[in-house]
Number of protein chains: 2
Amino acid sequence: MSPLAIIAGGGDFPPALARILRQAGRPIYVAALDGAADPASFPPEDLDIYRLGQLGRLLKALRSRGVVDLVLIGSLPRPSFGGIVPEASTLKYLPHFARAFQGGDDHLLRGVVRFFEEQGFQVLGPAEIAPGLTAPEGPLGRLSASAETRALIGRGFALLEAISPFDVGQAAILADHRVVAIEAAEGTDATLRRVAELVGKGRLKIARGDGVLVKAPKRGQDLRVDMPAIGPETLRLASEAGLAGIAVRAGQVLVGERAGLAALADRHGLFVEGIA
Amino acid sequence: MSPLAIIAGGGDFPPALARILRQAGRPIYVAALDGAADPASFPPEDLDIYRLGQLGRLLKALRSRGVVDLVLIGSLPRPSFGGIVPEASTLKYLPHFARAFQGGDDHLLRGVVRFFEEQGFQVLGPAEIAPGLTAPEGPLGRLSASAETRALIGRGFALLEAISPFDVGQAAILADHRVVAIEAAEGTDATLRRVAELVGKGRLKIARGDGVLVKAPKRGQDLRVDMPAIGPETLRLASEAGLAGIAVRAGQVLVGERAGLAALADRHGLFVEGIA
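Residues numbered from 1 in each chain as written. Chains lettered and ligands numbered in written order. Predicted model: local features only at pLDDT ≥ 70, side-chain atom pairs only at ≥ 80, totals over all residues.

## As for the nonpolar core
Ile6 and Val212 of chain A together with Ile6 and Val212 of chain B are the most contacted members of the largest nonpolar core, which has 160 residues in total. Aside from chain neighbours lying at most four places away, what touches Ile6 of chain B is Pro14, Leu17, Ala18, Ile28, Val30, Ala31, Val71 and Ile73 of chain B. (Core = buried A, V, L, I, M, F, W, Y, C linked by C-beta atoms within 7 Å. Buried ≥ 20, exposed ≤ 12 C-beta atoms within 10 Å, placed from the backbone. Contact = placed C-beta atoms within 7 Å.)

And the structure:
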C-alpha cells in the first residue's frame with residue numbers, strides 16, 4: 001500500500017491525523033512545512049522538513065515513495081510570494097503559483113489543489129481519511145444546548161447560509177435574542193474577543209446559559225483543503241466571552257481529537273454540539 | 001402654528017435640525033436630555049433640560065405649548081432601567097416603559113414612539129421635517145466612486161439586504177474584491193477601527209482607491225426614531241482605515257448639515273455617495 005502523504009502546516013490537527021492513520025495501520029509520509037509544523041509533535045515517522053520553495057524536492061520524494069494520495073492540513077501563515085526562495089528544481093512551477101497568488105485565499109488554495117492534481121496526485125480531505133477529526137452529530141462533551149439556545153443556533157446557521165453567497169461568514173455569535181457578531185476577514189478568534197470586549201464594557205449583557213458561537217463552511221468551500229476548525233483556543237475565548245457553547249455543522253468542521261476537546265469543553269462548562 | 005418639539009440627545013444632528021427649522025420659520029421647543037444634549041449648541045430657543053425620569057414634567061411642558069408634532073433625535077447612552085430616578089409625575093408611566101425595556105433596542109424605541117402616540121402626539125422623523133439632513137442621491141463632495149468600487153457597493157448593499165431579516169447589519173466594509181467586515185452589536189465606528197487594525201497588522205491590503213463602507217437601514221427599521229447616521233467621526237475612521245469612500249442609501253441615512261460633511265469628505269479625500 002503506497003503511503004499517504006501529509007503535507008503538514010501548524011497546529012494540532014496534522015499530528016492528530018498522523019496518529020489516527022498510524023492506529024489504522026496506514027503507512028504515511030509527513031512533509032512538515034518549515035516554520036509552521038512542529039516535527040517533534042508527530043509520532044516517529046517517515047518525515048522530512050520542507051521550506052515553501054522546495055516544491056521540486058517534495059515532488060521527487062513523493063514520487064520515489066509511490067505516493068498517490070495526499071492531504072494538506074494545518075495552518076500556514078500566508079506567505080508573500082516574494083518571500084519564498086525557490087530552489088532550482090522548483091523554478092519551473094513558479095508561473096503556476098504566481099497565478100494562484102493573484103486572487104484571494106480561496107483562489108490560492110484552489111490553485112494549490114489543481115497543481116497537485118495536474119501532477120497526478122489525488123488530494124483528499126481530512127474528513128474523508130479520518131472522519132473522527134470532525135465534529136460528530138450531537139454533543140461532544142457532557143453538556144448540550146438548551147431548547148432556547150437551539151432556536152438561536154437555528155437562526156445563526158440560517159444567517160451563515162444567507163451570507164454564504166457573498167463568500168463570507170464562517171462564523172457568527174448570537175446572544176441576548178440577537179446576532180451580536182459576524183465574522184469576516186478578522187477570523188473567529190478576533191470575533192470572540194470582540195464579544196468579550198463588548199461584555200466587558202457593559203455594552204452587551206449575556207445571561208448565564210445564553211450565547212452561542214455558530215460555525216459552518218461557506219457554500220462552495222473546498223472542504224479538502226479549507227475546512228473550518230475549532231480548537232482549544234476557540235473554547236477558551238468562547239468561555240471568556242461568557243457564551244454557553246459552540247454549535248458547528250456535524251462532519252464539516254474539524255475539532256481534532258474528539259475526546260480531548262470534549263474534556264476541555266466540560267472543563268470550561270461549554271457545550272460543543274454538531275448539528276446535522 | 002404650534003411649536004415642533006425636538007427631544008434632543010447628543011451629537012450634531014439635534015442642533016442642525018433646530019437651525020434648519022429656525023431658518024424655515026417654524027417655531028420649536030427643545031427638550032434637551034441631560035447628560036446627552038449640549039444646550040449651548042442650540043440657537044437661542046425655548047429650551048429646557050430634562051432628566052430621563054422627568055417624563056411628567058415634559059408632557060406638561062409640551063401640552064402647555066400646544067405641541068402636536070415632536071421629533072426624537074440624537075444619540076443617547078442606553079440607560080439602565082434601574083438608573084432612572086423618576087419624579088412623582090412620571091411614576092404612573094413606568095409600567096409602560098418597563099415593558100419597552102424588556103426587548104432589544106428596536107423594541108425600546110418602538111415602545112417610546114408608541115407611548116408618545118398614545119399620549120396624543122405625532123412622532124415625526126427628521127427626514128420628513130428636514131430632508132436636507134439626509135444623504136442626497138449622488139456624491140456629497142467633489143469625489144465619487146469609481147466603476148469598480150460601484151460594483152463593490154452593489155455587492156455590499158445586497159449583503160445588507162440579505163442579513164436584514166436577521167435584524168442585523170446596518171453596515172459592512174468591502175475591499176480587495178471581498179467583504180472584510182460586517183457590523184453587528186459593535187457599531188460602525190468599531191467596525192471601521194477593526195479594518196484599520198487588520199490593515200495595520202498587514203492581514204489586509206487595501207489599494208489606493210479601493211475600499212468602501214456601505215450603510216443602510218435594516219428592513220423594518222423605524223426611520224422616524226432610528227435612522228442610521230454618518231458623521232465627522234465616521235469619515236475620520238474611514239480615512240484611517242484607508243478606504244476610498246462611503247456609500248449610503250440616499251434619503252435614508254442622516255448626514256447632518258450636508259455642506260459641512262461634504263467639505264470634510266473632500267479634506268479626507270473620500271467620496272461620500274448616496275445610492276438610490
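And the narrative resumes.
## Some remarks on the pairing of strand β8 (residues 178-182) of chain A
Of all the five residues making up β8 of chain A, four are buried; the element is thus mostly covered by neighbouring parts of the structure. Hairpin connection of strand β7 (residues 171-175) of chain A to β8 of chain A: two residues between the antiparallel strands, including Asp176 of chain A at a positive phi of 55°. (Helix = DSSP H or I, 4+ residues; strand = E, 2+ residues; numbered from the N terminus. Pairing = 2+ DSSP bridges.)

## A few points about the interface of chain A and chain B
Contacts between the two partners involve 20 residues from chain A and, on the opposite side, 20 residues from chain B. Mapped onto the side of chain A that touches chain B, the elements with two or more residues apiece are α6 (147-163), β8 and α7 (188-200) of chain A. Among the residues forming the side of chain A that touches chain B, the class breakdown is 13 nonpolar, two polar and five charged. (Nonpolar A, V, L, I, M, F, W, Y, C, P; charged D, E, K, R; others polar.)

## Things to note about α6 of chain A
Two residues of an α-helix separated by three or four positions point the same way, owing to the 3.6 residues in each turn. Over its 17 residues, α6 of chain A runs 25 Å from end to end, which matches the ideal 24 Å to within 8%, given 1.5 Å per residue. For α6 of chain A, every residue scored as buried is listed here: Thr149, Leu152, Ile153, Gly156, Leu159, Leu160 and Ile163 of chain A. Projection of α6 of chain A onto a plane perpendicular to its axis shows the buried side chains occupying an angular sector of 120°, all on one side. The exposed residues of α6 of chain A that point more than 90 degrees off its buried face are Ala147 and Ala158 of chain A. Packed against the buried residues of α6 of chain A are β7, β8, β9 (212-215), β10 (245-249) and β11 (271-275) of chain A together with α6 (147-163) of chain B. (Expected span 1.5 Å × (residues − 1). Arc of directions from axis to C-beta.)

## Examining the relation of the copies chain A and chain B
With an axial shift of 0.1 Å and an RMSD of 0.1 Å, the rotation relating chain A to chain B amounts to 180°. This pairing of chains is accounted for by a two-fold axis. When the interface residues of chain A are mapped onto chain B, 100% of them are again interface residues, pointing to one common binding face. (Least-squares fit on C-alpha atoms with pLDDT ≥ 70 in both.)

## Things to note about helix α1 (residues 13-23) of chain B
Residues and elements named next belong to chain B. Looking at α1, one finds that the buried residues are Phe13, Pro14, Pro15, Ala16, Leu17, Ala18 and Leu21. Taken together, the buried residues of α1 touch β1 (4-8), β2 (28-33), β4 (69-73) and α5 (126-129). Phi turns positive, to about 80°, at Gly25, one or two residues after α1.

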